[in-house]
Amino acid sequence: TTQCLGGKTCTLSFRPPFCILVKTGSGRYNNGYAEVLVDSGNGDGYVPEAGGNHGRGQVIVDKCFADIVGVQVKGTNDDAWVGGVFLSTDNRVSYSAFTCDDCTGT
């Protein structure tokens, strides 16, 4: 329990590891070609973690990092890919979906 009493400010932060899970959807046409890139804040920018043709329901990336600045998923041909990108801050006990800033499609 966190208590911020007497007008004090409580600063809450996440502690590593930060784990990402990228998984292709299980729907009929969710499979396709995609590349997953992760910026782990080490100065290398976005680094490829996985690529290729991914089947329905397939886990593409399941990996933990000391930090995560961002994740990118890029379709690598005209065939669409549909899936989810999730973040765990409790060493894979639970996950929350990433919010996509610039996604397109339906």
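Before any of the text, the structure's been laid out above.
Residues numbered from 1 in each chain as written. Predicted model: local features only at pLDDT ≥ 70, side-chain atom pairs only at ≥ 80, totals over all residues. Heavy atoms only, no water.

## Quick word on unusual backbone geometry
Note: most residues except glycine have negative phi, and most peptide bonds are trans. To be explicit about the condition: Only protein chains enter the calculation, and the probe is 1.4 Å; a residue is then buried if its accessible area is under 20% of its type maximum, exposed if over 50%, and partly exposed in between. Helix and strand labels come from DSSP, where a helix needs a run of H or I of at least four residues and a strand needs a run of E of at least two; each type is numbered from the N terminus.
Within the chain, Asn91 stands out as a residue other than glycine whose phi angle is a positive 55 degrees. Here Asn91 falls in the partly exposed class, since its relative accessible area comes to 48%. Positive phi, close to 75 degrees, is recorded for Arg92, a residue that is not glycine. Residue position: Arg92 is located in the loop between strand E7 (83-88) and strand E8 (96-97). Given the relative accessible area of 37%, Arg92 is considered partly exposed.

## Let's talk about the sheet that holds E8
The test is simple: Paired strands, in this sense, are two strands between which DSSP finds at least two bridges.
Ordered in space as E5-E1-E7-E8, the 4 strands form an open sheet in which the pairing is antiparallel. Strands at the two margins of the open sheet, each flanked by one partner only, are strand E5 (59-65) and E8. Bridge count for strand E1 (residues 18-24) against E7 is 6 bridges, and the pairing is antiparallel. Opposite Lys23, over in E7, you have Gly84 as the bridge partner.

## With respect to the pairing of E1
Of all the 7 residues making up E1, 6 are buried; the element is thus mostly covered by neighbouring parts of the structure. With 6 bridges connecting them, E1 and E5 associate as antiparallel partners. In the strand pairing of E5, Lys23 is matched with Val59.

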